[in-house]
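Coordinate inspection notes
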Amino acid sequence: MGLKEALVRLSDYVYVLKENTIIGQRVPVYFYISDRLFEHLEEDAIRQAANAGTLPGVEKAIYVMPDVHVGYGFPVGGVMAVNTQTGIISPGSIGYDINCGVRLIATNLSEERILPIRQELMQEILNKVPAGVGSRGRLKLSKEQLKEVAIKGARWAVEYGFGFEEDLMHIESSGTLPDADPDKVSNFAYERGSEELGTVGSGNHFVEIQAVDEIYDENTAQKLGISIGQVMIMVHSGSRGFGHQVCVDYLKVAKDALDKYKIHIPDMQLACMPFRSEEGQNYFKAMNCAANYAFANRQILGFITADTLRRFLGISWEELGYRVVYDLAHNIGKVERYKIDGEEKELLVHRKGATRAFPPYNPDVPPAYRDVGQPVLIPGDIGRYSFLLVGAPKSMEISFGSACHGAGRLMSRTKAKEYARKEGIEKVLSGLVVVARGKGTIMEEIPQAYKDVTEVVKVVDALGIAKLVARLKPLGTLKG
DNA sequence: ATGTAC
């Protein structure tokens, strides 16, 4: 019997894989998924989530979001919380792209102003914002400068001239994670990161000009300063080669330390080390450096895009009305406190393809959003809607303060390319304004290659993990 | 995701 048959449907959006379904699995795995998305649930993704349930110190349950798909060791869309005293830290369960995440910037512009010029505007953004694998930015930073980036995160970018002090108040952890030690990052990571700060990268990463298309919760939207027809900028990017190298380096450290700490794992991709060990702490501190690099990266990308838009229209910053709504990580490990069976515990929450979704009045929600909850940003794929939600109370009870992160792949990259070639890329993308240096990435990232993100957000909304606020439609997209 | 393969 396959694992998929072992899943028990508890309600419309909840399936469970009971503990001990696989050997050594100490906690249940909850899948937050609709029946439609269940059809696409891969056997391997279920196995990966169950495997994580065997890791030392795992608490309560593994949670899997509706946009789940197979990842390296741990599925994308997975949330795992580990006891910080007795548990491990797993680089593969945070992901190769450390602090891959999303930033949303609001403007005062209305959609009508952009629609007639969007083709030319996107060409200009293509000229000004570096994108693509191995793309190099306008900055070339020394190791010493990168160490500052690794410590200061988004603040470094603001001090360098990319943005404003107020931006920092509207970023997860203010865009600066404190437990970062740049001496735990390898020279090779610094080399790879030296020319990539302020670049978009490839894959599903993008910079997009959007318009607010539908509002689901007028009251919350108003408090967030969001209204119909408003032009927004969305940035989806991560820590580029810098974070990738940190992950590669510490996966090796973890594999080499398995015997030393007598850790037994069902899959080498789940190689991990005790969180309190020297190796574990070194990775945590290096991971936070990479996360800070990613916060700085999105700070620069968002600012350059806004500045390009502003100059293109020949208007002032005041007239543009640039305002960072929020910026968050969807690949990260965070130390947070949760009540489990009445006992408060300190946990390392691994979020891989999952966003934090803290409810109203949580102290980590910025003051401006205190009574609405933390903004949750869900990027769509080329030509697809993106969504703005806010964290809701249930997340603290049933998902370690987490929600989904996006659509999740449906077709492999090869299959997507085949499809695009067969149908013709012009037809597949008809009506959309998409710019890129090459066609390759676009072919792999066609909308048909992804699950329907609308269905994904419906699930987290229905579960009370996050509440739908607004839908954003793309006006123009820059891809890597 | 990724100098898209150590």
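All values derive from a computational prediction rather than experimental measurement. Throughout, residues of each chain are indexed from 1 in the direction in which the sequence is written. Chains carry letters from A onward and ligands carry numbers from 1 onward, assigned in written order. At least 70 in pLDDT is required for a residue's local features to be given in this predicted model, at least 80 for side-chain atom pairs to be given and counted, and no such filter applies to totals for whole chains, interfaces and linings, which use all residues. Computation of side-chain values: all heavy atoms of the structure, hydrogens and water removed.

**Thoughts on the UniProt feature "binding site: Mn(2+) 1" (unreviewed entry) in chain A**
- UniProt positions are given in the numbering used here, feature names are shortened, and annotations may be inferred rather than shown by experiment. In this numbering, the UniProt entry assigns the feature "binding site: Mn(2+) 1" (unreviewed entry) to D97 and H205. Maximum C-alpha separation among the annotated residues is 11.1 Å over a sequence range of 109 residues, consistent with a single clustered spot.
- A run of DSSP states H or I qualifies as a helix once it reaches four residues; a run of E qualifies as a strand once it reaches two. Both are numbered from the N-terminal end. Of note, D97 is situated in the loop between β6 (88-89) and β7 (101-110).
- Between buried and exposed lies partly exposed: a residue is buried under 20% and exposed over 50% of the maximum accessible area for its type, with that area taken using a 1.4 Å probe on protein chains only. What makes D97 buried here is its relative accessible area of 18%.
- With near-sequence residues (within four places) excluded, D97 lies in contact with H205, G238, S239, R240 and N331.
- Counting of polar contacts relies on pairs of N or O atoms within 3.5 Å, with two restrictions inside protein: one atom must be capable of donating a hydrogen and the other of accepting it, and residues adjacent in sequence are counted only when both atoms are side-chain atoms. Among the polar contacts listed, one links the side chain of D97 to the backbone nitrogen of S239, at a separation of 3.0 Å.
- Along the polypeptide, H205 turns up in the loop between α8 (187-193) and β8 (206-215).
- Relative accessible area serves as the criterion here: at 8%, H205 is assigned to the buried category.
- Once you skip the residues sitting within four places of it in the chain, H205 turns out to touch D97, C100, V200, H236, S237, G238, L478, K479 and G480.
- Separated by 3.4 Å, the side chain of H205 and the backbone oxygen of V200 make a polar contact. Note on contacts: a residue pair is in contact if any heavy atoms of the two residues lie within 4.5 Å.

**Observations regarding the protein's contact with DNA strand B**
- Surveying the vicinity of DNA strand B reveals 15 residues, the closest of which are F188, R192, G203, N204 and R240.
- Contact distances for DNA strand B include 2.8 Å between a phosphate oxygen and a side-chain N or O atom of E196.
- A distance of 2.6 Å separates a phosphate oxygen of DNA strand B from a polar atom in the side chain of R240.
- If you list the elements that add at least two residues to the surface near DNA strand B, you get α8 and α10 (240-257).
- Looking at which element gives the most residues to the surface near DNA strand B, the answer is α10, with 3 residues.
- By the convention adopted, Pro, Cys, Tyr, Trp, Phe, Met, Ile, Leu, Val and Ala count as nonpolar, Lys, Arg, Asp and Glu as charged, and the other residues, Gly among them, as polar. Of the residues contributing to the surface near DNA strand B, the split by class is 3 nonpolar, 7 polar and 5 charged. If a single non-hydrogen atom of a residue is within 4 Å of a molecule or strand, that residue counts as near it.

**Observations concerning helix α6 (residues 143-152)**
- Looking at α6, one finds that the buried residues are L146, K147, V149 and A150. For α6, the arc enclosing every buried residue in end-on projection is 155 degrees, short of the 170-degree limit, so these residues lie on one face.
- Close packing links the buried residues of α6 with α7 (154-160), α8 and α11 (278-313).
- Phi turns positive one or two residues past the end of α6, at G153, with a value near 60 degrees. Working definition: the arc comes from the directions between the helix axis and the C-beta atoms, pointing outward to the latter.

**Describing unusual backbone geometry**
- Even without being a glycine, S174 presents a positive backbone phi close to 60 degrees.
- Position of S174 relative to the elements: it lies in the loop between α7 and α8.

**A word on the nonpolar core**
- Nonpolar cores were defined as sets of buried Ala, Val, Leu, Ile, Met, Phe, Trp, Tyr and Cys residues, with membership established by side-chain atoms within 4.5 Å. Grouped together as the largest cluster of nonpolar side chains are 174 residues, with contacts concentrated most on F31, I62 and L478.
- For this core, the leading source of residues is α11, giving 17 residues.
- If we ignore the near neighbours within four places in the chain, the residues touching F31 are L7, Y13, V14, Y15, L17, L41, I46, A49 and V64.

**Some words on the packing of helix α5 (residues 118-128) against α11**
- Note on method: axes are straight lines fitted to C-alpha atoms, helices fitted across the in-contact stretch only, with angles between N-to-C directions ranging 0 to 180 degrees. Relative orientation of the contacting elements α5 and α11 amounts to 135 degrees, with a least axis distance of 10 Å. Here α11 runs oblique to α5, going by the angle between their axes. When the axes of α5 and α11 are compared, the crossing they make is right-handed. For the pair α5 and α11, the contacting residues are E120, L121, E124, I125 and K128 in the first and I304, T305, T308, L309 and F312 in the second.
- Taken together, the residues that form the contact of α5 with α11 break down as 5 nonpolar, 2 polar and 3 charged. Reported orientations rely on four angle classes, namely roughly parallel under 35 degrees, roughly antiparallel over 145, roughly perpendicular from 65 to 115, and oblique for the rest. If you view the pair so one helix is near and one far, a crossing is left-handed when the near helix is turned anticlockwise from the far one by less than a right angle, and right-handed when it is turned clockwise.

**Considerations on the pairing of strand β13 (residues 343-352)**
- Across the 10 residues of β13, 7 count as buried, placing the element largely inside the fold.
- Note that strand β5 (residues 76-83) and β13 share 6 bridges and pair antiparallel. Opposite A81, over in β13, you have V349 as the bridge partner.
- Note on pairing: DSSP must find at least two bridges between two strands before they are called paired. The sheet contact formed by strand β12 (residues 331-340) and β13 spans 10 bridges and is antiparallel. Its bridge partner lying in β13, I332 is registered against R351.
- Hairpin connection, β12 to β13: the antiparallel pair is bridged by 2 residues, and D341 has positive phi, about 50 degrees.

**Section: the sheet that holds β5**
- As summarised here, the arrangement of the 7 strands in space is β1-β2-β3-β4-β5-β13-β12, forming an open sheet in which the pairing is mixed. Each of the sheet's edge strands pairs with one partner strand only, and the pair in question is β1 (8-11) and β12. Averaged over all adjacent pairs, the angle separating strand axes in this sheet is 30 degrees, with direction ignored.
- Alignment of strand β2 (residues 14-17) against strand β3 (residues 29-32), held across 4 bridges, turns out to be antiparallel. Bridged to L17 within β3 is V29.
- The strands touched by helix α3 (residues 43-52) are β2, β3, β4 (62-69) and β5; relative to β4, the strand with the most contacts, the crossing angle is about 155 degrees.
- Sitting on the sheet, α11 touches β12 and β13, and the angle it makes with β12 is about 115 degrees.

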